[in-house]
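Now for the letters of each chain:
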There are 2 protein chains.
Amino acid sequence: MNEKITVVAVDAMGGDNAPAEIVKGSVQAVNEKDNLKVILVGIKSAISSELEKYEYDKDKIEIVEASEIIETGEPPVKAIRRKKDSSLVVALNLVKNNQADAFVSAGSSGAVLVGGQLLVGRIKGIERPPLAPLIPTKDGVALLIDCGANVDARASHLVQFARMGSIYMENVVGIKNPRVALVNIGAEEEKGNALVKETMPLLKNCNDINFIGSIEARDIPEGYADVIVCEAFVGNVILKLYEGIGNVMLSKVKEGLLSSLRSKIGALLIKPALKKTLKAFKTDEYGGAPLLGLNGLVVKTHGSAKAKEVKNSIVQCISFKNENINELIKQNILLEEK
Amino acid sequence: MNEKITVVAVDAMGGDNAPAEIVKGSVQAVNEKDNLKVILVGIKSAISSELEKYEYDKDKIEIVEASEIIETGEPPVKAIRRKKDSSLVVALNLVKNNQADAFVSAGSSGAVLVGGQLLVGRIKGIERPPLAPLIPTKDGVALLIDCGANVDARASHLVQFARMGSIYMENVVGIKNPRVALVNIGAEEEKGNALVKETMPLLKNCNDINFIGSIEARDIPEGYADVIVCEAFVGNVILKLYEGIGNVMLSKVKEGLLSSLRSKIGALLIKPALKKTLKAFKTDEYGGAPLLGLNGLVVKTHGSAKAKEVKNSIVQCISFKNENINELIKQNILLEEK
């Protein structure tokens, strides 16, 4: 691979809107960024007929054929092992074989997580690779780590999550000295479950991160921390509840606006302003979630991702490569083991 | 005690707005409901000077003196043991000694939970008493059980939570055949952590509840279930995140409304309608959270509770007594053990 160019293998067949939105987002990405190449992996004829709709530099997009598709409902391990010619497996193998730096998919979460670990493999010393999406806060974003990769995690896993998350936030998102906090059910020292109580002193002893202690779920949207550390079950509940409450509150706002003639007229006046502020609070505005700690970057985007999110997910791979995130993670882990 | 009258011992000194709002809410409750008596427990002079502001039937409110106050920051077990003359301990003893049917407090959560268990005591057969607030959904409410009483719960505890929650929703809130669901990180059978996987088949075997399976956090605000079963850490995260996201989204809406002259004019027009629909989505609209499974009713309201929430919390004690919830719980547990 060319050192200067980031090569992203994209699962063209994964997600609710594949291949149309995936291809569209890929075209937008290469049109926006230099030093980027996208390999679209999947059924060639389907990809080509989408690509024909757009103008782009033909050198920056390549198609690699894969005849099978892993569906959302399939048991992940079985799917990865059996469907060797699926877009997901073929694309992950491009990363494994150093033909691509990164992999982006809107396909089955389970298959992406399992495939990433089995095919791309963990960095030596990393116990569990966490899935770490950016979530919106009052005035910015926070990294939620882990949000679904490893249930029943141990304290040592959470410590690695905190370290990797801190590196990612500082170097990819650009937050200096990010505040790292552990999700807890109260601010007092004695609060928490067994896992939190075991993890808390370990995090306090980490000199390489800016650990600020407990964070209650109430304070996550307020933006009190930049890296939100938790085990996967809790992280998944946080991520999904963000989406659920956001959706219901928006529908409540709409219901309110349509409830009288007076409010309908008001609604016309406020619509542009409201749309802008509420947009910043949607979980799909921030590209995909990286699965950290693998020998290559694996990014999972929402199953419902449209072109813009696909583009954002591809573009974030450039910083990941340019900032040498995996080198930083390796150095960090080595330091830890000394 | 008179069988026909519900007697509620109220911690007049607990919470951010004590005693003023606690006394005010108590007066509102007795003025609204017949067959209700409130015993205000705390510093007599402080309570009296608040009571003097209102008109009410003097037979329906009594003051019981308690000279001490348990503060929010105090370690609960120590506080309960040492402050024998605190409003919280004195009021709980009224329930223990059958001088009151129920106890309501806006004071320290920890002290209410510990005090309830130590002083009022568990119903024989109940392993852990869960704290179960009502949370808003798109078109109604759901019972979140457990939301903070017992971290690191076992599967057998969750089964009792499901049963008690179902009884409460059916008989106090009035939802026929309530749908009971277990919080999980995916709808598929194989998903979940060790606790969920162990609990799932046990709940499926419960013939006395309408168990509908897994619920993802995303679907909780949508109102897909009436009783949301989870262990306390997860429940606390759900409750707190509801509050946090709600607050931040409202501030985002306000920010949007004030961002231009056009939107400011629109805001004046929509304000009444919007206020009404969003109010239904606030966690403090639904009175207090019962601590279920004790020999008497213990209700915890928000520390920031104002008169209206205090009133709602007191009023819900009437249904709890009239519907014989504890008898139903006892029968249920006995049935289970046969």
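Residues numbered from 1 in each chain as written. Chains lettered and ligands numbered in written order. Predicted model: local features only at pLDDT ≥ 70, side-chain atom pairs only at ≥ 80, totals over all residues. Heavy atoms only, no water.

Caption draft 1: Geometry of the overall build of chain A. What chain A contains, in helices and strands, is 11 helices and 11 strands. In terms of C-alpha radius of gyration, chain A reaches 21 Å, essentially the compact-globule figure of 20 Å for 338 residues. Projected onto the principal axes, the alpha-carbon positions of chain A cover approximately 70 × 60 × 35 Å. For chain A, the residues scored as buried account for 59% of the 338 residues in total. (Helix = DSSP H or I, 4+ residues; strand = E, 2+ residues; numbered from the N terminus. Rg over C-alpha atoms; globule rule 2.2 N^0.38 Å. Buried < 20%, exposed > 50% of the residue type's maximum accessible area, 1.4 Å probe, protein only.)

Caption draft 2: How the structure looks around the pattern of salt bridges. Residues and elements named next belong to chain B. All chains considered together, the criterion is met by 30 salt bridges over all chains. The salt bridge involving Lys 311 is made with Glu 32; its shortest N-O contact spans 2.9 Å. Of this pair, Lys 311 sits in helix α10 (residues 307-322) while Glu 32 sits in helix α1 (residues 20-32), placing them 279 residues apart in sequence. Looking at Lys 311, the relative accessible area reads 13%, which means it is buried. On the accessibility criterion, Glu 32 (44% relative accessible area) is partly exposed. The partner of Arg 163 in a salt bridge is Asp 208, with the nearest N and O atoms 2.7 Å apart. With Arg 163 in helix α6 (residues 155-173) and Asp 208 in the loop between α7 (194-204) and β8 (210-216), this pair connects stretches of sequence that are 45 residues apart. (Salt bridge = Lys/Arg side-chain N within 4 Å of Asp/Glu carboxyl O.)

Caption draft 3: Region of the structure containing the interface of chain B and chain A. Contact with chain B, which involves 52 residues of that partner, is made by 52 residues of chain A. Of the roughly 5200 Å² buried where chain B meets chain A, counting both sides, 74% is carbon and sulfur surface. At the junction of chain B with chain A, the criterion picks out four salt bridges. As a salt-bridge pair, Glu 243 of chain B and Arg 218 of chain A come within 3.0 Å of each other at their nearest N and O atoms. Between chain B and chain A we count 12 residue pairs in polar contact (both at pLDDT 80 or more) in total. The set of elements that each furnish at least two residues to the side of chain B that touches chain A consists of β7 (179-184), α7, α8 (232-257) and α9 (261-279) of chain B. (Contact = heavy atoms within 4.5 Å. Buried area = accessible area lost by both parts, 1.4 Å probe. Polar contact = N/O pair within 3.5 Å; in protein donor to acceptor, adjacent residues only side chain to side chain.)

Caption draft 4: Region of interest: the packing of α1 of chain B against helix α2 (residues 44-51) of chain B. Residues and elements named next belong to chain B. Across the interface, α1 lies against α2 with an axial gap of 9 Å and an inter-helix angle of 55°. Between α1 and α2, the interaxial angle falls into the category oblique. Our pair here, α1 against α2, has a crossing hand that is right-handed. In this structure, α1 contributes Ala 20, Val 23 and Val 27 to the contact, and α2 contributes Ile 47, Glu 50 and Leu 51. Within the contact of α1 with α2, the residues separate by chemical class into five nonpolar, no polar and one charged. (Axes fitted to C-alpha atoms, helices over the stretch in contact; angles between N-to-C directions. Parallel < 35°, antiparallel > 145°, perpendicular 65-115°, else oblique. Left-handed = near helix turned anticlockwise from the far one by under 90°. Nonpolar A, V, L, I, M, F, W, Y, C, P; charged D, E, K, R; others polar.)

Caption draft 5: Representation of the sheet that holds strand β5 (residues 134-137) of chain A within the structure. Residues and elements named next belong to chain A. Read across the sheet, five strands follow the order β5-β6-β9-β7-β8 without closing on themselves; strand pairing throughout is mixed. Strand pairing shows two members of the sheet lacking a second neighbour, β5 and β8 (210-216), which therefore form its edges. Between one strand axis and the next, the sheet turns by 35° as a mean value, whatever way the strands run. Sheet topology note: the strand β6 (residues 140-145)/strand β9 (residues 227-229) ladder contains three bridges and is parallel. Along β9, the bridge assignment pairs Leu 143 with Val 227. Against the sheet, helix α6 (residues 155-173) contacts β5, β6, β7 (179-184) and β9, and its axis sits at roughly 150° relative to β6. Here helix α7 (residues 194-204) sits on the sheet and contacts β7 and β8; the angle it forms with β7, its principal contact strand, is near 165°. (Pairing = 2+ DSSP bridges.)

Caption draft 6: Region of interest: the sheet that holds strand β2 (residues 36-42) of chain B. All names here are of chain B. Here six strands make up an open sheet; going across it, the order is β3-β2-β1-β4-β11-β10 and the pairing mixed. This sheet does not close on itself; its edge strands, each paired only once, are β3 (61-65) and β10 (289-291). Taken over all neighbouring pairs, the strand axes of this sheet differ in orientation by 25° on average, direction set aside. Two strands pair when backbone bridges link them, and strand β4 (residues 102-105) and strand β11 (residues 297-300) are joined in this way by four bridges, in the parallel orientation. Across the sheet, the residue bridging to Ser 105 is Lys 300, located in β11. Contacts between helix α5 (residues 109-120) and the sheet are confined to β4, β10 and β11, with β11 contributing the most and set at about 175° to the helix.

Caption draft 7: Focus on the pairing of β11 of chain B. Residue and element names in this part refer to chain B. Side chains of β11 alternate between two faces, with Leu 297 and Val 299 and Val 298 and Lys 300 buried alike. In terms of strand pairing, β10 meets β11 through three bridges, oriented antiparallel. The partner of Pro 290 across the bridge, within β11, is Val 299. Between the end of β10 and the start of β11, which pair antiparallel, lie five residues, with Gly 293 showing a positive phi angle near 90°.

Caption draft 8: Examining the relation of the copies chain B and chain A more closely. Overlaying chain B with chain A gives an RMSD of 0.1 Å, the required rotation being 180° about an axis along which the chain moves by 0.0 Å. The relationship between the two copies is best expressed as a two-fold rotation axis. If distances are taken from each C-alpha of chain B to the rotation axis, the shortest is found for Gly 266 of chain B, at 2.0 Å. A high fraction, 100%, of the interface residues of chain B reappear at the interface in chain A, so the copies pair face to face through one surface. (Least-squares fit on C-alpha atoms with pLDDT ≥ 70 in both.)

Caption draft 9: Inspection of the nonpolar core at higher detail. Core analysis: the largest hydrophobic core is formed by 244 residues, its most contacted members being Val 183 and Ile 238 of chain A together with Val 183 and Ile 238 of chain B. Setting aside chain neighbours within four positions, we find Ile 238 of chain A in contact with Leu 144, Val 183, Ile 220 and Cys 230 of chain A together with Val 237 and Leu 241 of chain B. (Core = buried A, V, L, I, M, F, W, Y, C linked by side-chain atoms within 4.5 Å.)

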